[in-house]
Amino acid sequence: MNRRNRFSWFLVLVCCLLLPKWSQAQSRPAADLIITNAKVWTVDKSLPLAEAVAVLGDRFVAVGSHADIDAWRGPHTQVIDAGGKLILPGFNDAHVHFVSGGMQLTNVQLNDASTPEEFARRIGERAKVTPKGEWIVGGNWDETKWNPPNMPTKELIDSLTPDTPVFVSRYDGHMGLANSAALRLAGITAETPDPPGGTIVHDAHGDVTGALKDAATGYIDRVIPPLTHEQRLQIVKRALAYAASVGVTSAQHMVASYEDIAVYSELLLRGELTTRIYAAPSITHVDDLAKLGIGHAFGGPYLRVGALKAFADGSLGSGTAFFYEPFLNQGNNRGLLSDEMHPISLMRDRYMKADAAGLQICTHAIGDEGISTILDLYAEIIAAHGEIDRRLRIEHAQHMAAKDFERFAQLRVIASVQPYHAIDDGRFAVSHIGHDRASRTYAFRTFLDHGVRLAFGTDWEVAPLAPLLTIYAAVTRATLDGKNPGGWFPEQQLAVAEAVEAYTIGSAYAEFQDKEKGTIAAGKLADMVLLSEDIFSIPPEKIREVRILKTFVGGKLVFDAAGTHH
Ligand SMILES: [Zn+2]
């Protein structure tokens, strides 16, 4: 033992024996941030409620009473008085299309166009200010809000957009309307065959209407000029600011392109990535990701990759969700499997490759047979590669066959669901599929009763990126048309606490990050939101009006309704 070591040991001795109190107070670093006088709903079962939190660096160091937390105060600690308001863990949106969402913030808005004339007028206005050669895209139109609810056709907009190609999407993302300029560029004529998993809609004369379903939209996607890196960067920055303003601190980007990931990593290097991203490229890229050898959730706290997004079928509204029995109002149509499922062995091979490479699988499946078919394939994966913690996911898990809840739980599949869809689709689901199937639609309560883990999200840009609206939807199930104020299939309503849990730790679990985030607990990443009202004590129908006052990601204030942005 040299002189220096001996001296250290002496100090340790002094501290331990003579001055334990003094030593503890002096050796503990002061917190960077303390939020006090709050109702902290931690989602941590060991300490569900607290009054204050202390943050050091990017993590919580203490959660507890005012007195507990005050001990962390130092001369440079920033102290925020929450005025008794509610703090929750930051919202983790388990299913977003972050770049399309960001684009939508500036695209033409068609969702609330209440007549076909208004729909056409808005597109015409946009065409006047669209530079030559640029497309009008997005829009999220919803013909069910029109009377009668007829699908739009190209004739509605052709005369207003003679030189501007238009491809505006239906709000569910499974159908789009092209004008004649766009159809010309894509080379689509009355003779063009339907691609596997897609439909080119024809009118009574056999002419194309401009409406393209599912895989048929690929004909148009191929001729829309891709975004430049700079355009994409600006879109993502807009999306990040918006996410912070609504309290979303983590986002799981479904079908992220490599270009999207390049933008995220550039923003990460610049220190400007203010939402934590888990990027899931299309499973059609499984070979690339398998070759990299990274496995699931590879990366750091702000950017991870290693999940793959697959598609089993389409959507309810477009009549493309794949059911055992036909839709009630569409002849023999019972939907269709996506092009990734033609043949099913194509999907099986990709799954097996992905799983062998340790990648996580997230599959969009909506119709009961679509979901069931994916559960069959998931069971095959488990049988082939053994039981490991792989956190297989079904995205949407919308219309369940009665026989499949049990199996869903046994296979430990995560139901990654978007409650807003329930109050949206609830307007028309019974007329499409009848009461019996509708009773197992967005069956969040039945999932929980079977022990299935829920992750919450929005499917932005398909639905609004709005966590409080999402919680409102799960808790009230009050459809958007106001026709079910007591709840659409109210037996499926969740308690506020259950909804918050699904949106925080549930989503964190779904991305293998439940040890790192999703609750407010010492050691976890300091992601949290301060809300304008206590959603646990106000009437549920008021939850949708609650605003985010402050959003913190890693202890950094990324949104402040008071206007101070850091
Ligand atoms: Zn989606």
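Bear in mind that the values here come from a model prediction, so they are computed numbers and not experimental data. (Residues numbered from 1 in each chain as written. Predicted model: local features only at pLDDT ≥ 70, side-chain atom pairs only at ≥ 80, totals over all residues. Heavy atoms only, no water.)

A word on the overall build of the chain
Counting secondary structure elements, the chain contains 19 helices and 25 strands. For the chain, whose C-alpha radius of gyration is 25 Å, the value lies close to the compact-globule estimate of 24 Å for 566 residues. For the chain, the C-alpha atoms occupy an extent of roughly 95 × 55 × 50 Å along the three principal directions. Residue burial in the chain is summarised as follows: out of 566 residues, 57% are buried. Once local pairs closer than 6 in sequence are excluded, the contacts in the chain between residues at least 24 apart make up 72%. Within the chain, one finds 54 positive and 66 negative side-chain charges whose respective centroids are separated by 7 Å. (Helix = DSSP H or I, 4+ residues; strand = E, 2+ residues; numbered from the N terminus. Rg over C-alpha atoms; globule rule 2.2 N^0.38 Å. Buried < 20%, exposed > 50% of the residue type's maximum accessible area, 1.4 Å probe, protein only. Contact = heavy atoms within 4.5 Å. Lys, Arg positive; Asp, Glu negative; His and termini not counted. Charge placed at Lys NZ, Arg CZ, Asp CG, Glu CD.)

Some details on the sheet that holds strand β16 (residues 298–299)
As summarised here, the arrangement of the five strands in space is β8-β14-β15-β17-β16, forming an open sheet in which the pairing is mixed. The open sheet has two edge strands with one neighbour each: β8 (91–96) and β16. Of the pairings in the sheet, the one linking β16 to strand β17 (residues 303–305) comprises two bridges and is antiparallel in character. Looking across to β17, one finds that F298 is bridged to V305. Here helix α10 (residues 258–270) sits on the sheet and contacts β14 (248–254), β15 (276–280) and β17; the angle it forms with β17, its principal contact strand, is near 150°. In the packing of helix α19 (residues 496–510) onto the sheet, contacts are made with β8 and β14, and the angle to β8 comes to roughly 50°. (Pairing = 2+ DSSP bridges. Axes fitted to C-alpha atoms, helices over the stretch in contact; angles between N-to-C directions.)

Here we look at unusual backbone geometry
Negative phi characterises most residues that are not glycine, and trans characterises most peptide bonds. For the bond from H342 to P343, the omega torsion is -5°, close enough to zero to count as cis. Locating P343 in the fold gives a position in the loop between β18 (307–311) and α12 (344–356). Here the amide bond leading from W460 into E461 is cis, since omega sits at 15°, within 30 degrees of zero. Looking at the element boundaries, E461 is found in the loop between β22 (454–456) and α18 (467–476). Positive phi is not limited to glycine here, since H396 has a value of about 85°. Along the polypeptide, H396 turns up in strand β20 (residues 393–396). Located in the positive-phi region is R477, a residue other than glycine, with phi close to 50°.

As for the coordination of the zinc ion
Looking at the metal site, the zinc ion is ligated by H95 (NE2), H97 (NE2) and D459 (OD), spaced 2.1 Å from it. Linear spacing of the donor residues for the zinc ion on their chain is H-x1-H-x361-D. On the basis of relative accessible area, H95 is assigned to the buried category, the value being 0%. (Donors = N, O, S within 2.8 Å, 3.2 Å for Na, K, Ca; no water.)

Section: the pattern of salt bridges
Under the definition given, this model contains 34 salt bridges. When the shortest N-O distance is used, the salt bridge between E118 and R121 registers 3.0 Å. Residue E118 and its partner R121 are both found in helix α5 (residues 116–128); the two are separated by three residues, about one turn of the helix. (Salt bridge = Lys/Arg side-chain N within 4 Å of Asp/Glu carboxyl O.)

Brief notes about the environment of L531
Relative to the helices and strands, L531 is located in strand β23 (residues 528–531). Residues L531 and L549, spaced 18 residues apart in sequence, show a C-alpha to C-alpha distance of 5.5 Å. Apart from the residues lying within four places of it in its own chain, the contact partners of L531 are K85, L86, L88, L468, V546, R547, I548 and L549.

Notes on the packing of aromatic side chains
Applying the stated criterion across every chain yields a total of 15 aromatic pairs. Each ring, one from F119 and one from W141, has its centre 6.3 Å from the other, and the planes form 80°; the classification is edge-to-face. Of the two residues, F119 is situated in helix α5 and W141 in strand β9 (residues 136–141); the sequence distance between them amounts to 22 residues. Looking at F119, the relative accessible area reads 0%, which means it is buried. For W141, a relative accessible area of 1% puts it in the buried group. (Phe/Tyr/Trp six-rings, centres within 6.5 Å; stacked < 30°, edge-to-face > 60°.)

Quick word on the packing of α12 against helix α13 (residues 368–385)
For the pair α12 and α13, interaxial distance at closest approach is 10 Å and the crossing angle is 45°. As judged from the angle between their axes, α12 and α13 are oblique. Taken as a pair, α12 and α13 cross one another with a handedness that is right-handed. Along its contact with α12, which presents I344, M347, R348, Y351, M352, D355 and A356, the element α13 presents T373, I374, L377, Y378, E380, I381, A384 and H385. (Parallel < 35°, antiparallel > 145°, perpendicular 65-115°, else oblique. Left-handed = near helix turned anticlockwise from the far one by under 90°.)

Focus: the side chain of N92
Here N92 is to be found in strand β8. Using a relative accessible area of 3% as the deciding quantity, one classes N92 as buried. For N92, the residues in contact, after removing those within four places along its chain, are S250, A251, Q252, F456, Y503, T504, S507, A508, E511 and K517.

Comments concerning α13
Look at α13: 26 Å from first C-alpha to last across 18 residues, which is about the 26 Å you get at 1.5 Å a residue. Burial in α13 covers these residues: D368, E369, G370, I371, S372, T373, I374, L375, L377, Y378, I381 and I382. Buried residues along α13 sit in contact with α12, β19 (360–365), β20, α14 (404–410) and α16 (429–438). Of the residues flanking the end of α13, it is G386, one or two places downstream, whose phi is positive at about 85°. (Expected span 1.5 Å × (residues − 1).)

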